[in-house]
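Observations on chain architecture
What follows is the residue order along each chain.
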Amino acid sequence: QVQLVETGGGLVQAGGSLRLSCVVSGRTSSSYAMGWFRQAPGKEREFVARISRSSGSTDYADSVRGRFTISRDNANQNTVYLQMNSLKPEDTAVYLCAADRSYFALRSSTEYLYWGQGTQVTVSS
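Let me sum up the structure you'll find in this document. Worth saying up front: this structure is predicted, and the values here are computed from it rather than measured.

Applying the stated rule across the entire model yields 1 disulfide. Here C22 pairs with C97 through a disulfide, and the sulfurs are 2.1 Å apart. Handedness here is read from the sign of the S-S torsion; for C22 and C97, about -80°, the answer is left-handed. In this pair, C22 is assigned in strand 3 (residues 18–25) and C97 in strand 9 (residues 93–100), connecting sequence segments 75 residues apart. What makes C22 buried here is its relative accessible area of 0%. C97 sits in the buried class, given a relative accessible area of 0%.

Given below as structure tokens:
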């Protein structure tokens, strides 16, 4: 059984930074393509960023490109990060980590097999 646990959320002022972590247990995350999604109240879940199994490929939503960075811990392949800089109030949402057995899962949430419970990020203006 694969489990994903996100940490690192919190309250931050606009312009600030947060780093989210996603720890995968059961099998190493290098066995999976990983993605970050977010869901704000009353809105659909949306793609934020994704990383391939080998970490050689990454992709970002237009709304976060240049501000967010997805990466995998080289020392501990079980951990994937989302570094979020220059945060905006519109980034406020629950952020969820997801895993898939493909090499580089697509942007759609339906592509992912496993999901974490999410961590709340709130950006104040």
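Looking now at the nonpolar core. Core analysis: the largest hydrophobic core is formed by 36 residues, its most contacted members being L4, M34, W36, L82, M84 and Y95. Every element with two or more residues in this core is listed here: strand 3, strand 4 (33–39), strand 5 (46–51), strand 7 (68–72), strand 8 (79–84), strand 9 and strand 11 (119–124). A per-element tally of this core places strand 9 first, with 5 residues.

One non-glycine residue, S55, lies in the positive phi region at around 70°. Tracing the backbone through its elements, the reader meets S55 in the loop between strand 5 and strand 6 (58–60). Although it is not a glycine, S86 sits at a positive phi angle of roughly 50°. For S86, the position within the fold is in the loop between strand 8 and strand 9.

Analysis parameters
- Residues numbered from 1 in each chain as written.
- Predicted model: local features only at pLDDT ≥ 70, side-chain atom pairs only at ≥ 80, totals over all residues.
- Heavy atoms only, no water.
- Disulfide = S-S within 2.5 Å.
- Helix = DSSP H or I, 4+ residues; strand = E, 2+ residues; numbered from the N terminus.
- Buried < 20%, exposed > 50% of the residue type's maximum accessible area, 1.4 Å probe, protein only.
- Core = buried A, V, L, I, M, F, W, Y, C linked by side-chain atoms within 4.5 Å.

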